[in-house]
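Spelled out from the first residue to the last, the chains are:
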Amino acid sequence: MKWLSSGLLLCFFSSQTMAFEHFISRKGHELFDGEKVFRFAGLHAPELHRIENDALGTCPEDPRGWGQYFQWPTADEQANWIKALVKSGHKAMRIYVLSVAQQSDQACGRETHILPPLTKGGNPRLNEKAMLVYDNMIALADKHGLRLILPFIDHWQWWGGREQLAAFYDEPQEAFYDIQSQTYKAYLNIIEQVISRKNTITGRHYYAEKAIMAWETGNELKDTTEPFLETTVALIDNLAPHQLIVDGNYLQLNDYAITNPHVDIISNHFYTTNNNNKPETIKQNLAQIAGRKAYMVGEFGLTDASTLNDIMQTAVHYEYQGAQAVGAFIWGFRGHRHNGGFYFHKEYTGHYSYHLPGFMDAKENQELAVVDLVRLAQAQMSGLAKVPALPVPEAPVLRPINSLQNIQWLGAPLGQHYRIERSTKAEGPWKVIGDNISDGKQAFNPAKDSLFADKDALRKGQTYFYRVIALNVSGESAQSNVQSFKFE
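Residues numbered from 1 in each chain as written. Predicted model: local features only at pLDDT ≥ 70, side-chain atom pairs only at ≥ 80, totals over all residues. Heavy atoms only, no water.

Before going further, it helps to examine the overall build of the protein chain. A tally of helices and strands in the protein chain yields 10 helices and 22 strands. Each principal axis of the C-alpha distribution contributes one length, and for the protein chain these read about 75 × 55 × 45 Å. Within the protein chain, contacts between residues separated by at least 24 positions form 69% of all contacts whose residues are at least 6 apart in sequence. If you sum the accessible surface of the protein chain, you get close to 19200 Å²; carbon and sulfur atoms cover 50% of it. Within the protein chain, one finds 46 positive and 53 negative side-chain charges whose respective centroids are separated by 7 Å. (Helix = DSSP H or I, 4+ residues; strand = E, 2+ residues; numbered from the N terminus. Contact = heavy atoms within 4.5 Å. Areas by Shrake-Rupley, 256 points an atom, 1.4 Å probe, with all protein chains shown as cover. Lys, Arg positive; Asp, Glu negative; His and termini not counted. Charge placed at Lys NZ, Arg CZ, Asp CG, Glu CD.)

With that settled, the discussion passes to the state of the cysteines. Scanning all chains against the criterion turns up one disulfide. With its sulfur 2.0 Å from that of its partner, Cys59 forms a disulfide with Cys108. Classification of the bridge connecting Cys59 and Cys108 rests on its S-S torsion, roughly -90°, and on that basis the disulfide is left-handed. Here the residue Cys59 occupies a position in the loop between strand S5 (51–52) and strand S6 (70–71), and Cys108 occupies one in the loop between strand S7 (92–94) and strand S8 (114–115), the gap between them amounting to 49 residues. Residues Cys59 and Cys108 agree in their burial class; the two are buried. (Disulfide = S-S within 2.5 Å. Buried < 20%, exposed > 50% of the residue type's maximum accessible area, 1.4 Å probe, protein only.)

Turning next to the nonpolar core. Soluble globular proteins tend to bury their nonpolar side chains together. Counting residues in each nonpolar core, the largest one holds 103 residues, and the members touching the most others are Leu48 and Tyr187. Here this core takes eight residues from helix H5 (residues 182–195), the largest share from any one element. Not counting residues within four places of it along the chain, the set of residues in contact with Leu48 comprises Pro73, Gln78, Trp81, Ile82, Leu85, Met93, Ile95, Met137, Leu146 and Leu148. Listed in part, the 19 residues of the second largest apolar core include Leu398, Ile407, Ile433 and Tyr466. (Core = buried A, V, L, I, M, F, W, Y, C linked by side-chain atoms within 4.5 Å.)

As for its placement among the helices and strands, Gln378 is situated in helix H10 (residues 367–381). For Gln378, a relative accessible area of 7% puts it in the buried group.

Turning our eyes to something else, we now look at the sheet that holds strand S15 (residues 327–331). Taken in spatial order, the eight strands of this open sheet run S4-S15-S14-S13-S12-S11-S10-S7, and their pairing is parallel. The open sheet has two edge strands with one neighbour each: strand S4 (40–44) and S7. Here the strands of the sheet are splayed against their neighbours by 20° on average, with no regard to which way each runs. Those strands touched by helix H6 (residues 226–239) are strand S10 (147–154), strand S11 (212–219) and strand S12 (244–247), and its axis lies near 155° from that of S11. (Pairing = 2+ DSSP bridges. Axes fitted to C-alpha atoms, helices over the stretch in contact; angles between N-to-C directions.)

In total, this model carries 24 salt bridges according to the counting rule given. For Glu299, the salt bridge identified is with Arg94, shortest N-O distance 2.9 Å. Placement of Glu299 in strand S14 (residues 294–301) and of Arg94 in strand S7 is noted, with a sequence separation of 205 residues between them. Residue class for Glu299 comes out buried when judged on its relative accessible area of 4%. Here Arg197 ties to Asp135 by a salt bridge, and the two come within 2.8 Å at their closest N and O atoms. With Arg197 in the loop between H5 and S11 and Asp135 in helix H3 (residues 128–144), this residue pair connects regions lying 62 residues apart in the sequence. Grouping residues by exposure puts Arg197 and Asp135 together as buried. Each of the salt bridges in this network shares a partner with another, and the network as a whole consists of Asp62, Arg64, Asp105 and Arg110. (Salt bridge = Lys/Arg side-chain N within 4 Å of Asp/Glu carboxyl O.)

Across its 15 residues, H10 extends 21 Å between first and last C-alpha, which sits within 8% of the 21 Å expected from 1.5 Å per residue. Residues of H10 that are buried include every one of Glu367, Val370, Val371, Leu373, Val374, Arg375, Ala377, Gln378, Ala379 and Met381, and no others. Remark: Gly383 follows H10 within two positions and exhibits a positive phi of approximately 75°. (Expected span 1.5 Å × (residues − 1).)

With that settled, consider the packing of aromatic side chains. Scanning the entire structure with this criterion turns up 21 aromatic pairs. Note on Trp66 and Trp158: the rings are 5.1 Å apart at their centroids and 65° apart in plane angle, and the pair reads as edge-to-face. Of this pair, Trp66 sits in the loop between S5 and S6 while Trp158 sits in the loop between S10 and helix H4 (162–167), and the two are 92 residues apart along the sequence. Centroid distance Phe344 to Tyr352: 6.2 Å. Interplanar angle 50°. Geometry classified as tilted. Taken together, the aromatic side chains of Phe176, Tyr177, Tyr184, Tyr187 and Phe228 make up a single cluster linked through ring pairs. Positioned above the aromatic ring of Phe70, the side-chain terminus of Arg50 is 3.8 Å from the ring centre. Stacked on the ring of Trp159, the Lys or Arg Arg50 has its end atom at 5.2 Å from the ring centre. (Phe/Tyr/Trp six-rings, centres within 6.5 Å; stacked < 30°, edge-to-face > 60°. Lys NZ or Arg CZ within 6 Å of the ring centre and 35° of its normal.)

Attention now moves to the packing of helix H8 (residues 279–289) against helix H9 (residues 305–317). Running from N to C, H8 and H9 cross one another at 25°; their axes reach a closest spacing of 8 Å. Between H8 and H9, the angle falls in the class roughly parallel. Within the contact between the two elements, H8 uses Pro279, Ile282 and Lys283 and H9 uses Asp310, Ile311, Thr314 and Ala315. (Parallel < 35°, antiparallel > 145°, perpendicular 65-115°, else oblique.)

Remember, this is a structural readout, not a statement about activity or role.
Printed below as a string of structure tokens:
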């Protein structure tokens with residue numbers, strides 16, 4: 001599905017039953033869905049609302065030297081990713097921040113969520129095109145059953161953050177944390193604009209969306225002060241009283257956050273570069289919180305599968321005076337491309353993003369082992385005796401065929417490999433021309449790579465018909481739609 005008009009999408013979604021009966025609530029150190037304890041584990045999916053397209057490389061017009069190309073996901077892509085997450089056992093997801101405009105965006109063809117004021121000293125603006133994508137993410141999460149944790153602004157500049165917001169007002173980046181600054185007032189205005197937005201698809205204000213589990217003050221806001229936190233979370237709580245609030249600080253936990261009545265969840269991020277990527281950090285954090293708030297590991301990763309499992313199992317099982325982590329996310333997931341293959345991201349450590357349901361193509365990335373340890377944690381947190389079998393994949397979507405050397409399809413959520421069939425008639429009979437075909441190649445580049453090429457000797461002037469079937473360990477999908485190609 002390409003982007004439909006908001007009116008058509010509203011009509012489509014309004015006919016669906018809401019997936020959620022309750023907002024997620026907190027009692028002490030626990031989260032609840034109604035009367036049921038709510039815990040979660042998963043691969044962190046930062047890009048459900050904006051794509052960093054690593055296959056295009058870096059933009060030479062960006063003076064920083066590392067600035068990349070970005071794009072908005074299609075509606076098909078968003079639905080595919082969210083279904084893959086939910087079907088593999090994800091109950092909640094923390095995404096990445098709202099992006100902020102900076103000077104080289106136009107030269108690099110980048111669009112962002114937050115635009116500069118139209119007049120000097122005015123309020124920042126939300127990019128409506130970007131927010132339609134955000135609306136759709138929330139609507140799809142509601143439809144398929146995924147709770148969202150939504151952070152506002154980044155401490156860092158990767159997508160544009162505090163520095164870029166401060167630049168709107170000719171202030172230094174430190175002004176972001178100064179509650180007397182124009183930058184901070186702009187930050188609060190962004191929070192108010194976002195939470196008060198009416199979703200063009202569901203027809204509900206964001207503060208009324210049960211799919212939004214929590215708002216997070218930002219990403220890795222490590223210079224958070226008590227006045228900054230108090231003013232920020234009081235506003236969020238006033239605007240969205242039924243949704244939870246996460247302190248977006250990390251590295252050290254602040255006692256003033258733990259005792260703040262507006263804060264529900266204390267979060268931390270673990271990475272080896274910060275010397276905290278270990279199970280002991282969970283134990284120390286839980287001891288400091290002492291059951292006064294819920295606690296989650298918002299991000300950890302960029303290490304071997306054995307270490308990841310040690311941390312995840314500690315998140316699942318360790319208790320301090322009865323309190324446990326409510327959730328943990330391993331960085332990071334990327335999903336299917338609209339026309340085939342997967343998006344990817346390579347980290348400075350050499351680790352790549354993970355794809356579901358895990359592929360042998362990514363053996364060096366230990367992808368299958370990481371997916372397995374995540375699904376084990378999900379089952380354990382849900383009180384299950386064993387990991388459920390993967391659902392049988394749904395049908396892939398075969399795209400129009402322009403070349404037999406590059407037959408493209410949107411992979412099925414949880415599809416692991418594919419069978420390609422051809423016929424001289426739309427109704428068959430069908431001949432298998434490709435089997436056990438993977439779309440899980442790491443660092444897939446659509447400008448250079450193809451999923452499948454029909455290299456058989458075909459008759460000129462003949463029209464051929466194609467379809468694709470997805471398979472995984474649990475079975476095979478229904479057949480895809482049929483596409484035709486006249487061989488000349």
